[in-house]
Every structure is written in C-alpha cells, then in structure tokens.
Amino acid sequence: MGNPSLHSIHVHPLKAARGFAPDEAVVEPWGLAGDRRWVLVDDSGKVITQRPHPRMALAAAGRLPGGGLLLSAAGRAPLTVPVPEPTGTVTVEIWRDKVEGVLADAAAHAWFSDHLGVSVRLAHLDDPATRRPLDPEFARPGETVSFADGYPLLLTALASLDALNALVARGDHPEEGPLPMSRFRPNVVVDGTDAWAEDGWRRIAIGEVTFRVAKMCGRCVVTTTDQETGERGREPLRTLARHRRFGDKLAFGQNLVPESGGTVRIGDAVRILE
C-alpha cells in the first residue's frame, strides 16, 4: 500500500440521476451536503430508480444554492426546481423504509414524466436529521440517512476497479470492459491502495473527517447500465458473481457512516484507523 488519498468526490442531488464531481464537499451526518436529497416516486409513492428505468441515467441534476435542482437532458429544455415549502408531506416508500418527503411543483413532475414516459413525481427530503433512521444493525442511536440506498456515503477504490476490469478482460464478455467508475455511483473514490484493501477497513479518516465502515456494498443491475447511453450489458455482475460473492451479495465498495463533520477535498490523505 502506498499513501492513500482522495481521488474524486461525487454528489448526486437526485437519486438515480447524473450528478456532479466537485473539488470539495461538506460532510453532514446523513451524507455529503446535497447528496440524494431528492427522489422520484410513482403514483403509489414507491421510489423510481435506474433499476427499472435506465433512462434516468440520461438526466442530470445540478444543485443550486439553497438546495434546488437544475434538471437537464439531451433534447429537453432545462428546468429549475426550487426547494418546496414544507407545508405538507407525502410518504415515500424506499425499499423497506417509509419516509416523509415534500413534493416539488407540477412542472417538475411533468418534466420527468415526459422524460421517462411514465407518471412520476419529484419529492424532496426536507428534514434529513429525523426522517429516515439508519438500519439499527449497523447504526448508533440517532443516525440517519438521506434517500441513498441505505448508508450516508459509498466509498470505492481505483485499485479495486483496475482489478475488477482485469477480471472482466479474462471473462466471457471482455468486449464490455474496461468499465468506468461511474457504473458504481460512489461518493468518494480513493487512490493509492492495494486492490480490495477496503474490505478490511473498519474506521478511516479522509482529511479531517472520520468515518465508520458499516458494511460492503451489494451491487445490482444498475452497475450494468452505461451511464452515458442508458444501455445495459452483463458486466460487471457476471464477474462479481464469480469473484466477489459474499453470501447473497455481489460486493464492490464500502458503505460509510460519518463520525464527525467537516469538509473533504480532493487530495486529502486517507488514513486507516482500524
């Protein structure tokens, strides 16, 4: 192992849409500032993601001052979406959780319904400090999370992606590689480690901020989705199934829970505390 450092930062204001890569980000108890504070839901309130709707990858959501969104997609006029007033909430069903959110205006619903070809609504998480507790098996009292799949941050490592791509190149579908890190939609990407070193981490520090490593991240069909075109292949799930199966999970990356606040910056030292 060399001298691990923070290679890149990724914020996705709208769950399952394209995000942006800032040079620095504030770490809040429930994740990077602005990350996954918005979500699409169907008419029954269930979350909409790239799993059934890969076209979500073709829509970009920029974060505006104050937390609003700037939505854009090829062939569509951009739309500014302000943070809605929390005058009432709707129930968002995200996996096994039911979370209260606040609906955006009708223009936002129409923009995304037209983009996806199905009726959807856009909802905002107005109070991340109280709305959605973390899984108690991996949490401490009072810890919460945004509309992320389950944990405040996702960490991946460049060396592990290189190792995975080497395995893809020797597998049944080498033409699908090498895969970019965007397939895995991380929040923080580290460099200067051995491949899969992150499997053994329990606590780390990135710059001034400390994190607890909660558990490995089990991967789904979203990783087979080209984030530039929305097209699906078979990798990396075929290769992960052969080489990175842990129980019923195909693992790549580690879920993090912040232990302190602060700001992380590209180039920050990554220290392995446990």
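Everything below is about the structure shown above.
Residues numbered from 1 in each chain as written. Predicted model: local features only at pLDDT ≥ 70, side-chain atom pairs only at ≥ 80, totals over all residues. Heavy atoms only, no water.

A. Quick look at the side chain of His12. Along the chain, His12 falls in the loop between strand E1 (5-9) and strand E2 (24-28). Every residue in contact with His12, bar those within four places of it in the chain, is listed here: Ala17, Arg18, Gly19, Gly34, Asp35, Arg36, Arg185 and Pro186. (Helix = DSSP H or I, 4+ residues; strand = E, 2+ residues; numbered from the N terminus. Contact = heavy atoms within 4.5 Å.)

B. Quick peek at unusual backbone geometry. Here the residue pair Gly177 and Pro178 is connected by a cis peptide bond, since its omega of -5° sits within 30 degrees of zero. Tracing the backbone through its elements, the reader meets Pro178 in the loop between helix H2 (158-169) and strand E13 (188-191). Cis peptide bonds are those with omega within 30 degrees of zero, and the linkage from Glu235 to Pro236 qualifies with 15°. Its location among the elements puts Pro236 in the loop between strand E15 (209-218) and helix H3 (237-243). The phi dihedral of Arg36 falls on the positive side, at around 55°, and the residue is not glycine.

C. Layout of the pairing of strand E8 (residues 76-81). Bridge analysis of strand E7 (residues 69-73) against E8 gives 4 bridges, and the strand direction is antiparallel. Bridge pairing in E8 places Leu69 opposite Val81. Hairpin remark: E7 followed by E8, antiparallel, with 2 residues in the connecting loop; positive phi at Gly75, about 80°. (Pairing = 2+ DSSP bridges.)

D. Expanded view of H2. Its 12 residues give H2 an end-to-end C-alpha distance of 16 Å, which sits within 8% of 16 Å, the value for a rise of 1.5 Å per residue. Buried within H2 are the following residues: Leu158, Ala159, Ser160, Leu161, Ala163, Leu164, Asn165, Leu167 and Val168. Its buried side turned inward, H2 meets E1, strand E12 (153-157), E13, H3 and strand E17 (249-258). (Expected span 1.5 Å × (residues − 1). Buried < 20%, exposed > 50% of the residue type's maximum accessible area, 1.4 Å probe, protein only.)

E. Up close: the sheet that holds strand E18 (residues 262-265). In space, the 3 strands of this open sheet follow the order E3-E2-E18, with antiparallel pairing throughout. A strand with exactly one partner marks an edge of an open sheet, and here the two such strands are strand E3 (31-32) and E18.

F. Representation of the environment of Asp172 in the model. Looking at the element boundaries, Asp172 is found in the loop between H2 and E13. For the pair Asp172 and Arg234, spaced 62 residues apart in sequence, the C-alpha separation works out to 9.6 Å. For Asp172, the side chain forms a polar contact with the side chain of Arg242, separated by 2.5 Å. (Polar contact = N/O pair within 3.5 Å; in protein donor to acceptor, adjacent residues only side chain to side chain.)

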